[in-house]
Every structure is written in C-alpha cells, then in structure tokens.
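What follows is each chain in one-letter form.
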Amino acid sequence: RAVTSKVSDAVPKEMVAYDADARYIIYRNKDDGKIYRYSPDDGQTVKLCEISGAALCLKGDVLYFSTATGISSVSVSGDVSTYKEVFLVSNLSNSFRYDIEVSDTDDVYFSGGADAGLFTLDEYTDESTGEAAVYNEGIYAGNIYDMHIYGDCIYFDISENNTSVLCKIDISNDYKVSRIENVYLSSAAIDVSDGYIYYAGYAEDPTVNENAKRGLFR
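Keep in mind it's a predicted model, so treat the numbers as computed, not measured. (Residues numbered from 1 in each chain as written. Predicted model: local features only at pLDDT ≥ 70, side-chain atom pairs only at ≥ 80, totals over all residues. Heavy atoms only, no water.)

(A) Focus on the overall build of the protein. What the protein contains, in helices and strands, is zero helices and 19 strands. The long-range share in the protein, meaning contacts at least 24 apart out of those at least 6 apart in sequence, stands at 32%. (Helix = DSSP H or I, 4+ residues; strand = E, 2+ residues; numbered from the N terminus. Contact = heavy atoms within 4.5 Å.)

Rendered as structure tokens:
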C-alpha cells in the first residue's frame, strides 16, 4: 500500500523533476498555464515567469518551453527572473511545438507534428536587439510528435502499416534518418536511458502475427 501525503493545492498538468536530488519539481499549472517550481525541502512554491507554457524540457538549470509566440527559456533557480524568448513563431508560420529537447551540446530541437518535420535552432534570440533565432528546417519532413535524444541520436516513432515503428536521426551524420529493425511498438510510450531504449511493444510483428505478445521491452 502506497503512503501518500498532499504537499500542495496546485493541479499540475505537466511536470519535470529538477536534478538528481529533486531539489525542485517544475510543473505547469492547469488553472493558469503558468510554470512554477516547488521545493520539497521547505514547501515553497515560486512562479518562474508570467508567460504560460507547455512542452517542458530541462537542461541543467535552464527550462525550455513552448508558448503562444514560440519557444522561451528561464532559469529554475535563483530569485531573479531570467525569462527570455529563444525562438519567435513568426519565423515559422503554421507550425506547432509539440516536443522540445536539448542535446548534450546544448542544441535545441523541436517537433512540428503532422508532416511539419523536425527543427533545430542555429542561434538564440539576441538579448540586446530582440532579433529572432535562426533555425534549420527539413531535418526530417515527417510526423514527429514526441522525441528522445540520447548521445548523437534523436529517437521517435512513426505510424506505418497499421502499427508504429521506431526510427532515429543521427545528428552527427548529416541528420540521416533510419528505421530500427525488429522493434514493434504498441504505443508512443518510449524512453531512452543508460544506453537502452525502453518501449511498449510486441515480441514480433503484429501485422504478421495478430497474436503477438505485448509487453515492456528494451
């Protein structure tokens, strides 16, 4: 039986833990869409900025998130707001930021959803002039919603022949796209950790064997 305790009246819609010691829990509040940090040590809650956001992604001390105008960032520690716009949506019309990930080399990638593709930022907004960041488009012109970066590769799933397959983009090899063979997904439940890809899937191709066993694989 789980032992639970209520720590806040907040209703998080999305959240991420900050650092291995869980110094903060970062979450987007359902009621106002704003982003907050909660400290388990002292029970204090702090609003990180006045902008509503989604698609939260932590890289070190910096939180990246999508907004109505593009992509923004803010430091999750300290008492002084460090909010800034990283990417303005006016530079990429008719595209949504479904997921945001940051690579080990601090490159920001974001997905555009149905047939919009995957994008990366070449440079951030100039803080003094407010000029928008430069971006690369057409890294992959397909359906990418959720993605996972591990090392030099970006992993994602696509629908194919009434099932889903796992693909990867090699960042270090001119963004080459390839399918990972012998992996049969049953949903978009995928994560990458410690050199393994964990996924919900089938033991064999379900389009060939309709009785293929489902489970958690790595």
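Having seen the structure, we can now continue with the description.
(B) Seen up close, the sheet that holds strand β4 (residues 45-47). If you trace the four strands from one edge of the open sheet to the other, you get β1-β2-β3-β4, paired in antiparallel fashion. Here the strands that pair on one side only, and so sit at the sheet edges, are β1 (12-18) and β4. Ignoring which end each strand starts from, the neighbouring axes of this sheet average 25° apart. Note: strand β3 (residues 35-38) against β4, three bridges, orientation antiparallel. Bridge pairing in β4 links arginine 37 to valine 46. (Pairing = 2+ DSSP bridges. Axes fitted to C-alpha atoms, helices over the stretch in contact; angles between N-to-C directions.)

(C) Focus on the pattern of salt bridges. Taken as a whole, this structure holds three salt bridges when the rule is applied. Between aspartate 9 and lysine 6 there is a salt bridge; the shortest N-O distance is 2.7 Å. In this structure, aspartate 9 and lysine 6 share a single accessibility class: exposed. Residue lysine 47 is joined to glutamate 50 by a salt bridge in which the shortest nitrogen-to-oxygen separation is 3.5 Å. (Salt bridge = Lys/Arg side-chain N within 4 Å of Asp/Glu carboxyl O. Buried < 20%, exposed > 50% of the residue type's maximum accessible area, 1.4 Å probe, protein only.)

(D) Spatial organisation of the sheet that holds strand β5 (residues 54-59). Reading across the sheet, the four strands line up as β5-β6-β7-β8 and stay open at both edges, with antiparallel pairing between neighbours. On the outer flanks of this sheet lie β5 and β8 (84-88), each paired with one strand and no other. Put simply, the sheet's adjacent strands are angled 20° from each other on average, direction ignored. With four bridges joining them, strand β7 (residues 70-75) and β8 adopt antiparallel strand pairing.

(E) Region of the structure containing the nonpolar core. Ranked by size, the top nonpolar core spans 14 residues in total, and within it Tyr109, Leu118, Ile154, Phe156 and Ile169 carry the most contacts. For this core, the secondary-structure elements that each account for two or more residues are β12 (135-140), β13 (147-150), β14 (153-160) and β15 (163-170). If we ignore the near neighbours within four places in the chain, the residues touching isoleucine 169 are Leu118, Ile139, Tyr140, Ile144, Asp152, Cys153, Ile154, Phe156, Tyr175, Lys176 and Val177. By size, the runner-up hydrophobic cluster in this structure holds twelve residues, among which are Ile71, Val86, Phe87 and Val102. (Core = buried A, V, L, I, M, F, W, Y, C linked by side-chain atoms within 4.5 Å.)

(F) A look at the confidence of the model for the protein. Summing up the model confidence of the protein, the mean pLDDT is 81 and the portion of residues at 70 or higher is 84%. Averaged over each element, pLDDT in the protein is lowest for β12 (64) and highest for strand β19 (residues 214-217) (94). (pLDDT = per-residue confidence, 0-100.)

(G) The arrangement of the environment of leucine 48 in detail. Positionally, leucine 48 belongs in the loop between β4 and β5. What makes leucine 48 buried here is its relative accessible area of 8%. Separated by 33 residues in sequence, leucine 48 and serine 81 have C-alpha atoms that sit 6.7 Å apart. For leucine 48, the residues in contact, after removing those within four places along its chain, are Ile26, Ile35, Tyr36, Arg37, Leu63, Val74, Ser75, Val76 and Ser81.

(H) Broad picture of unusual backbone geometry. Residue alanine 55 is not a glycine yet carries a positive backbone phi of 50°. Mapped onto the elements, alanine 55 comes out in strand β5. Backbone geometry at aspartate 174 places phi at a positive 55°, although glycine is not the residue there. Note that aspartate 174 resides in the loop between β15 and β16 (176-179).

(I) Structural detail: the pairing of β7. Taken across its six residues, β7 has six buried, putting it largely inside the fold. Taking the residues between adjacent antiparallel strands as the criterion, strand β6 (residues 62-66) and β7 are bridged by three residues.

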